[in-house]
Amino acid sequence: MIMQAQFITVEGGEGVGKSSNIAFILSYLKDKGIDVVSTREPGGTELSEKIRDVLLDAKNKSMVSDTELLLMFAARAQHLAVLIKPSLKKGKWVLCDRFTDATYAYQGGGRGIPMQRIAILEDWVQGELRPDLTILLDLPVEIGMQRASERSAPDRIEQEKNNFFEAVRQSYLKMAADSPQRYRVIDASQTLEQVQKDIAAVLDEYIQ
Ligand code: Z5A
């Protein structure tokens, strides 16, 4: 059993099932006796949730890519200082719905901001902290958009076109291929039951 507190992130495009599966991962880890905090980005603290509201508000159509990028990292700096780092220090595992890989995928792959700029902000805001394990739920864009559209009105970022989300997906797959030790890719087009079986197998392998 891994004793040191672990930082686990869950990533993927629209409607891949992050929310549904985060709840599953949380209860799976708790059942194994692991003390775990569940959180999300952008958000996770009172102030970071306010930044999230600004980022996702469909009325903020004039927001330029650099503003979006810097607000993501502003929310993250607060989240790291107030919740993530103190929790890990206390020995709690942290389970986070999206983290900096989402910035590489959306602001890098989707918006076209150079990855090196994002890497500078990552080093500045996080120091050496990186996730220990990243579960990527991978799904063809059309299926994810279909699932997401059945749920609620699209927010500012969800209003992007399919080619934006295809770039997001390809960025995630490239990160997974580049960092096979950290990433586990799950086929999210399967039934929820099968997705959760695959996630449980990853967690079992990881916890032992
Ligand atoms: N963003 C960014 O740009 N840069 C960053 O650095 C960060 C984030 C951190 C907010 O993220 C937005 O911020 C997001 C990326 C951007 N933008 N967009 N667009 P979010 O994670 O809060 O929101 P989201 O990506 O839009 O997630 P989501 O739409 O809430 O989807 P989800 O949580 O992955 O899916 P879900 O709600 O669990 O499932 C969707 C539906 O599918 C639901 O009805 C489920 O019952 C159903 N479902 C789930 N799994 C299955 C299976 N296996 N079969 C059938 N149906 C299923």
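Here, the structure is the one placed above.
Our subject in this report is the structure included herewith. Quantities reported herein were computed from a predicted structural model and do not represent experimental measurements. (Residues numbered from 1 in each chain as written. Predicted model: local features only at pLDDT ≥ 70, side-chain atom pairs only at ≥ 80, totals over all residues. Heavy atoms only, no water.)

## Details of the sheet that holds strand 2 (residues 36–40)
Pairing in this open sheet of five strands is parallel, and the strands run 2-3-1-4-5 from one edge to the other. In the strand order of this sheet, the two ends are held by strand 2 and strand 5 (183–187), each with one partner. Across this sheet, the average inter-strand angle for adjacent strands is 20°, counted without regard to direction. In this sheet, strand 5 lies alongside strand 4 (residues 133–138) in parallel orientation, the contact comprising five bridges. Looking at strand 5, one finds that Thr134 is bridged to Tyr183. Packing of helix 3 (residues 65–89) onto the sheet brings it into contact with strand 1 (7–12), strand 2 and strand 3 (93–97), and relative to strand 2 it is tilted by some 160°. (Pairing = 2+ DSSP bridges. Helix = DSSP H or I, 4+ residues; strand = E, 2+ residues; numbered from the N terminus. Axes fitted to C-alpha atoms, helices over the stretch in contact; angles between N-to-C directions. Contact = heavy atoms within 4.5 Å.)

## Let's talk about unusual backbone geometry
A cis amide bond links Glu41 with the next residue in sequence, Pro42, at an omega value of -10°. If you trace the backbone, Pro42 turns up in the loop between strand 2 and helix 2 (46–56). Positive phi outside glycine occurs at Arg98, with the angle close to 75°. Structurally, the position occupied by Arg98 is in the loop between strand 3 and helix 4 (100–110).

## Points about the environment of Asp187
In this structure, Asp187 sits in strand 5. Under the relative-accessibility criterion, Asp187 is labelled partly exposed at 39%. Sequence separation of Asp187 and Asp138 is 49 residues, and the distance between their C-alpha atoms is 5.3 Å. Once you skip the residues sitting within four places of it in the chain, Asp187 turns out to touch Asp138 and Val195. Within polar-contact distance, the side chain of Asp187 engages the side chain of Ser189 at 2.7 Å. (Buried < 20%, exposed > 50% of the residue type's maximum accessible area, 1.4 Å probe, protein only. Polar contact = N/O pair within 3.5 Å; in protein donor to acceptor, adjacent residues only side chain to side chain.)

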